[in-house]
Structures are given as structure tokens and as C-alpha cells.
Amino acid sequence: MTTQANIDWTAADERAVDLIRVLAMDSVQKAGSGHPGTAMSLAPAAYLLFQRLLRHDPADPHWVGRDRFVLSCGHSSLTLYIQLYLSGYGLTLDDLKALRTWGSITPGHPEHGLTPGVETTTGPLGQGIGNAVGMAMASRRERGLFDPDAEAGTSPFDHFVYCFVSDGDMEEGISHEVSALAGHQELGNLIVLYDDNYISIEDNTNIAKSEDVAARYEAYGWHVQKVDWVGPRGGYHEDVDALYRALMNAKEHTEAPSFIALRTIIGWPAPNKQNTGAAHGSALGVPEVKATKEILHFDPDVDFPVEEDALNHARQVAERGKQVHAEWEGPFAEWATANPERKALFDRMAVRRLPDGWTKVLPEFPADAKGIATRKASGTILTALAPVLPELWGGSADLAESNLTTMGGEPSFIPVNHQTAMWPGNPYGRTMHFGIREHGMGAILNGIALSGGTRPYGGTFLQFSDYMRGAVRLTSLMELPVTFVWTHDSIGLGEDGPTHQPIEHLWSLRNIPHLEVVRPGDANETVVAWRTILERARPAALCLTRQNLPVLDRSGELEGAAKVAQGGYVLAPGTDVILIATGSEVSIALEARELLAADGVSARVVSMPCVEWFTEQDESYRREVLPSTIRARVSVEAGITPPWKLFVGDAGASIGVDHYGASAAYQKIYEEFGITAERVAAAARDSLARV
């Protein structure tokens, strides 16, 4: 370890740290619930980071040159809130008093977009460290777009990502996924501090955990340091100098991500509840709070003390932040002058504005009865978009050749020493390789979207959206412009069988608020789907086929694909019965329409690629597509049927799959499970008989 000079840690700093502990106790006590212990024991570490190391400007929480801080252990939200209060981010003492209450900006777990200075929503453990890895990856990609030739540490786009994690984060499997990838990617701009306190809600972690976490991170290829504040004989000394030296050493070690294991005692210095599960997840109680205040030389009868001297001392960081920001502006202005085209790209990406004329490169697929899989159409679209949308980048969880998520000719995002013959690349490349880490991929994509203006996407099979659901929910909660490319979207994947065939997934995902689930019916619907997803810049799931689908001939009575943007549209006119279909079943509905026509029945085919887009249309449009006067209706989708009752009504019917799949050629499975034009036509006749 290199030796940096010790910091000037004054009595005013000590008082500010003790104030943090008191405010943490009082906030949870007033709320009646919460997590005081970690905020108390991490008080010196958080204060040290915000006061001495973190490059930030409380007057401008969105300053692009700032370091990022992620509190992965989001249950300890006060660890962050109190620093934001002390640093001058606009949080007040009243905000701390309102912890966990209706309408406050201090909810139980930090929420992105609500509280100034909160970079991401954390709560589900392990997600935060995944976000931090994504932020570190995005920082490197953004530097490659804007300032690739600058010496290390000299670019206005160089910054660090700091992350605090807990035992809970380490126990969640997602932490393995993202940390292994971070080590492989050699993310030297990522610094993680692990609060090694041996306590979780079930008290001592020895009941469920015994691995050497630091050794685990060494195995990942991280730069690992240990700082122990617990003496060999049970004493406790918060050696801030030692932690400062470890953090400074981590900043200098840019060849790999850094991991600092900090041994603490949770709830320090509460006399009776320190080092207990009770200090982790509940209020300490009035007697314990008073006793702890006495130890810290605070008036035990005063709640939420103001401590003007300590507050004013801490608030000096706001002035230092302004100075650091001002010093950054000079190099940034020089870069902007020297790189006008890159500055124009930066400005456009900063507001997520797409370039003029970008849609001109989108392909148009000729009618083809033999057809093309929508996953293949998507790959063609991505390759076409590569030259005009440098902000768009992504990859797959080891399924690039199946998901077809690779932009043709684009290098991989990878340290040079890890590139392969098949996947040449460089640290600033574009094609991401997540490995078989679906859940980690989701959290990383969220971190990338939070970092700046790039537009990430990630692929796997639709079945394995289950593996990443926690991250997808947070994408939707934060309303991030992340695109999930989920292929092999039905029993149509065939021989792989029921373990890989999604049945309940489409509607399960449609039930996630804010997630826009798009299942295009042919190659040209896929073009409009991608265009609309990019224009809307919201959480989106693009569900694509393995099997070929006919590219529809829209030169006659069939409607063009442009109305995909409205979620549902009349693909083929009809007046007696409505056939509502999505994805690979659209062509089946069209076949059923021909069968019904032979019987003199006029069937309207409605393609419904995105339920969410359709339901947000005004009522007049929805009634135009699905007029109430046509009560005979049939839905057809190779998935569960009950939710389609919303569209088919009491007189309608639904053709789908309400059981698990089978292993066989997809044509055979469709036939055996009755997802055929003949059955759709029969269901339409039955529906007509009921109206």
C-alpha cells in the first residue's frame, strides 16, 4: 500500500460524526421503524467520503463531472440522507424528522428522482452494486465516445464510482454476477467499501454465512484491502486515517476495481444494542437513545439537535464542491473547443435527443411468405442503426448468436487482454458480453442508463426474464430507458422443451407498471417497434421469435406497419368478428380470417404488439380498433389466456397455452396445442353464436 499523509481530522469532524449518529437514532425513533445501526457505525466512513474524497457539488447534483455514490445497502438510507443534509444538498432537519412518512423526500429506501443527490433507487439488496458496476462501465464507454485519446486521469470525463455494501449485498447472488464481471472488465474507476459487521436481521451472520468475502473478491481479480476498527482484544478504534489511506490507495490502483473490507461494530456506541440484530432493523428505544447521547456528550433530552458549529463545519464542503466544479469547467471548455463534433454529440446525448434523420437508415423488409425470424430482423435493424446512434450499445447474457444483439462490425467492450479471436475489441468498444449473468445484466443496464445519455440494451431468452425480474422491476420503477431484448418468445422455440418455453411470461411482464412489452408480428413491425422504443425512451421489453414469420404483404388491403406505434391497429378489415393477435400468432389470425371468409364471415384482424401503447391511446382510437358493436372476438397468443378477457369480453374466446410446453418441432407443438388457424376460426364461430 502506498502511504498518503494522514488527513487533518479535527474535533469539529469528530463532533459532526457524532451528530450523524444522534440524528440517525432520532430519525428512526421518531419514525418508529427503520435501520439506525449501520448509519451509526458507518458515520465516519460516509462523512470521510463526502467531506474529503468524493468529487461533488451539492449546488449541482447532476454535474456531469461528479463522482457517483451508490448506497447498495439501501435499508441504511440515513447513511446517505444525513450526508446530503450536512453537505448542503437542500435536505433539512425537517426532512430527517419526516423519515419514512407520506410525502417526504426521505423514504425508507433511497429513490432516484425524488431526493437530490440520490443516484439510484436501492433497497433490494445487491442491486446497488450492480448499478455501480454499470455506472463504471458507462463511464468508460462515454469517455471513449467523447475523449478517448486523453491520458488517464486527465479527461473531464474521468470520475470514480463509490459504493457502500453490506453483508446482505454480499449474500445476494447478484453480487457475484456483477462483481465477477467488474473484475474481468478491470474497472479501475470502481471503489467498493464493504461494511463487515457480522450482523443482519437474524443477528450474527455466522448462522448463515462463513465465507471469506475479501478472498472472494481477490479471486475475482479485484484490488483488495482490509481496515479493521475492532482490536484484537475487543477494543474499538475508528481509525479514520487508515481508512483514508485505503481509499486513496484504491484511487491510485486503476488497473482493477477496488474492494475495502471495513470491520465495524453495528450500532456503535450504543451501550446495550451495539453489535446486535436489534440495532440493524429497529428503533433503539428511548432509554438506549438517551444513554447513547450521554456517551456522545449530547443532551439526552434534546431530539434532533441543530449543532450549528458542526453543521457549519460540514457545510464547507459545498464551497469546496463549487471550487472543484469551477476548476473542472476550464478543461471541459478546452475540450469542447477542440472537439466540436464530440461536443455536439455530448449535448445531444445529455438530453437524450435522437439525431435528425436517424430513421432513414431503418430497413424495410420486402414481403416474403417464407419469412424471417423477428430476432433476425432485430439484428439487421441494430446493425443499420450503429452508424447513426453511437449512444446505442448492448449485448447478451452469452447468447449473442441466439439473440442476434450484435451490431455487425462493432468491437467488443473489453480490455484488450481479454478479447478473443471471435470477439475482438477494446476498452471503449460497443458490444457488451455479460456472460451467463442475467440478473446482473439487468442491474448493470440500469446503472448504465443512470450514468448518462447512452442507451443500453441486453438480451437473453424470454424464459430467463424470470432470472432478472428484480432488476427489471427497478428499471420500471425508475422509468429508465433500458431495452430488454428477449428472444425465443414462445413454444415456437421448439425442441428445447418446456424449461425454455415461456408461457406465463408475457402477461407477467405486462403486469409490471411502466414496462412496455412489445411483441411484433413480422419483420416490419419489428422495425417500427425499435423506432418507437428509441423515441419513447422508456423501459421496454422487445419479445422476438426464434422461428421465421412471414413478412406480410401490405401492398393490398393489409395496413402498413407504422401503426405499431399505437400499440394495436386494424391490420385487416372486417365487420363480424375481431381476431386479436400478437407476435407469431398474427399470421395465424390472418389464415383464420381466410377460412372464415370462405364461410361468409367477415373477420377483422387486430395486431396488438404492445398492450401498454394501445391502452394509452385515446378512447376514440381504441373504439375505432375494437368497436363495442363487434362483441364476437377471439384472442390468439402462445401464452396464458385469462388476462385476454380484458379485450375479448364475456362473449369472446382466447386461444393460447395455459400449461407447460413440450419438446418437438415448433410446427408439431402448435398443432398439438391447438394454436392453429382452424381452431381460431372455430372459436370465432362459437363466439358469434354467443352474441
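Fair warning: this is a prediction, and the values are worked out from it, not measured in the lab.

1. What about the overall build of the chain?
Argument step 1. Secondary structure assignment for the chain yields 26 helices and 22 strands.
Argument step 2. The C-alpha radius of gyration computed for the chain amounts to 28 Å, which stays within 12% of the reference 26 Å derived for 691 residues, consistent with globular compactness.
Argument step 3. Principal-axis analysis of the C-alpha atoms gives the chain an extent of 90 × 55 × 45 Å.
Argument step 4. Residues counted as buried form 60% of the 691 residues belonging to the chain.
Argument step 5. Taking the intrachain contacts of the chain between residues at least 6 apart in sequence as the baseline, contacts between residues at least 24 apart amount to 75%.

2. Observations concerning the sheet that holds strand β3 (residues 190-196)
Argument step 1. With parallel pairing, the 5 strands of this open sheet are ordered in space as β1-β2-β3-β7-β6. Only two strands of the sheet have a single partner each, and these edge strands are β1 (68-71) and β6 (223-228). For this sheet the average axis-to-axis angle between neighbouring strands, irrespective of direction, equals 15°.
Argument step 2. Both β6 and strand β7 (residues 258-263) contribute to a ladder of 6 bridges, which runs parallel.

3. Thoughts on the nonpolar core
Argument step 1. Membership of the largest hydrophobic core comes to 79 residues, with the highest contact counts inside it found for I491, L579, M608, L626, F647 and I675.
Argument step 2. A total of 7 residues in this core trace back to one element, the largest contributor, which is helix α20 (residues 523-536).
Argument step 3. Dropping the residues within four chain positions of it, F647 is found in contact with W507, I580, M608, V611, F614, T615, L626 and R633.
Argument step 4. With 69 residues, the next largest nonpolar core counts M40, L80, F160 and Y162 among its residues.

4. So, unusual backbone geometry
Argument step 1. The peptide bond linking W268 to P269 adopts the cis configuration, its omega dihedral lying at 0°.
Argument step 2. For P269, the location among the structural elements is in the loop between β7 and α11 (277-281).
Argument step 3. Its identity is not glycine, yet F304 carries a phi of approximately 50°, on the positive side.
Argument step 4. With respect to the element layout, F304 can be found in the loop between α12 (286-295) and α13 (308-338).

5. Thoughts on the side chain of E637
Argument step 1. With respect to the helices and strands, E637 occurs in the loop between β21 (633-636) and α24 (645-648).
Argument step 2. Not counting residues up to four positions away in its chain, the partners in contact with E637 are L506, W507, R510, R519, T582, E585, W644, I655, G656 and V657.

6. Observations concerning the pattern of salt bridges
Argument step 1. Summed over the entire model, instances satisfying the criterion amount to 32 salt bridges.
Argument step 2. As a salt-bridge pair, R21 and D18 come within 3.2 Å of each other at their nearest N and O atoms. Of the two residues, R21 and D18 are both situated in helix α1 (residues 11-31); the distance of 3 residues between them amounts to about one turn of the helix.
Argument step 3. Residue R21 is classed as buried on the basis of its relative accessible area, which comes to 2%.

7. Describing the environment of A24
Argument step 1. Following the sequence through the fold, A24 ends up in helix α1.
Argument step 2. Sequence separation of A24 and P36 is 12 residues, and the distance between their C-alpha atoms is 5.5 Å.
Argument step 3. For A24, the residues in contact, after removing those within four places along its chain, are P36, A39, M40, L78 and I82.

8. Some points on the sheet that holds strand β19 (residues 577-581)
Argument step 1. Here 5 strands make up an open sheet; going across it, the order is β18-β20-β19-β21-β22 and the pairing mixed. Edge strands, defined here as strands with exactly one partner in the open sheet, are β18 (569-572) and β22 (653-655). Taken pair by pair, the neighbouring strands of this sheet meet at an average axis angle of 30°, ignoring direction.
Argument step 2. As defined by bridge partners, β18 adjoins strand β20 (residues 603-607) across 3 bridges and the pair is classed as antiparallel. In the strand pairing of β20, Y569 is matched with S607.

9. Comments concerning helix α3 (residues 43-53)
Since the α-helix turns once every 3.6 residues, residues separated by three or four places project in the same direction.
Argument step 1. Counting buried positions along α3 gives 10 out of 11 residues, so the element sits mostly inside the fold.
Argument step 2. Among all positions of α3, only A43, P44, A45, A46, Y47, L48, L49, F50, Q51 and L53 are buried.

10. Here we look at the packing of aromatic side chains
Argument step 1. Overall, the coordinates contain 31 aromatic pairs when judged by the stated rule.
Argument step 2. Consider the rings of W393 and F413, whose centres lie 5.2 Å apart with planes at 65°: the pair is edge-to-face. Linking W393 in strand β9 (residues 392-396) with F413 in strand β10 (residues 412-413), this pair joins segments that are 20 residues apart in sequence. This pair shows no difference in class: W393 is buried, exactly as F413 is.
Argument step 3. Taking 5.2 Å as the distance between ring centres and 10° as the angle between the ring planes, the aromatic pair formed by F484 and W486 counts as stacked.
Argument step 4. Under the relative-accessibility criterion, F484 is labelled buried at 0%.
Argument step 5. Taken together, the aromatic side chains of W63, F146, F157, W328, F332, W335 and F346 make up a single cluster linked through ring pairs.
Argument step 6. Sitting over the face of the ring of F298, R15 holds its NZ or CZ atom 3.6 Å from the ring centroid.

Reading guide: rules and limits
Residues numbered from 1 in each chain as written. Predicted model: local features only at pLDDT ≥ 70, side-chain atom pairs only at ≥ 80, totals over all residues. Heavy atoms only, no water. Helix = DSSP H or I, 4+ residues; strand = E, 2+ residues; numbered from the N terminus. Rg over C-alpha atoms; globule rule 2.2 N^0.38 Å. Buried < 20%, exposed > 50% of the residue type's maximum accessible area, 1.4 Å probe, protein only. Contact = heavy atoms within 4.5 Å. Pairing = 2+ DSSP bridges. Axes fitted to C-alpha atoms, helices over the stretch in contact; angles between N-to-C directions. Core = buried A, V, L, I, M, F, W, Y, C linked by side-chain atoms within 4.5 Å. Salt bridge = Lys/Arg side-chain N within 4 Å of Asp/Glu carboxyl O. Phe/Tyr/Trp six-rings, centres within 6.5 Å; stacked < 30°, edge-to-face > 60°. Lys NZ or Arg CZ within 6 Å of the ring centre and 35° of its normal.

Interpretation note: all reported values are geometric properties and have no functional meaning in isolation.
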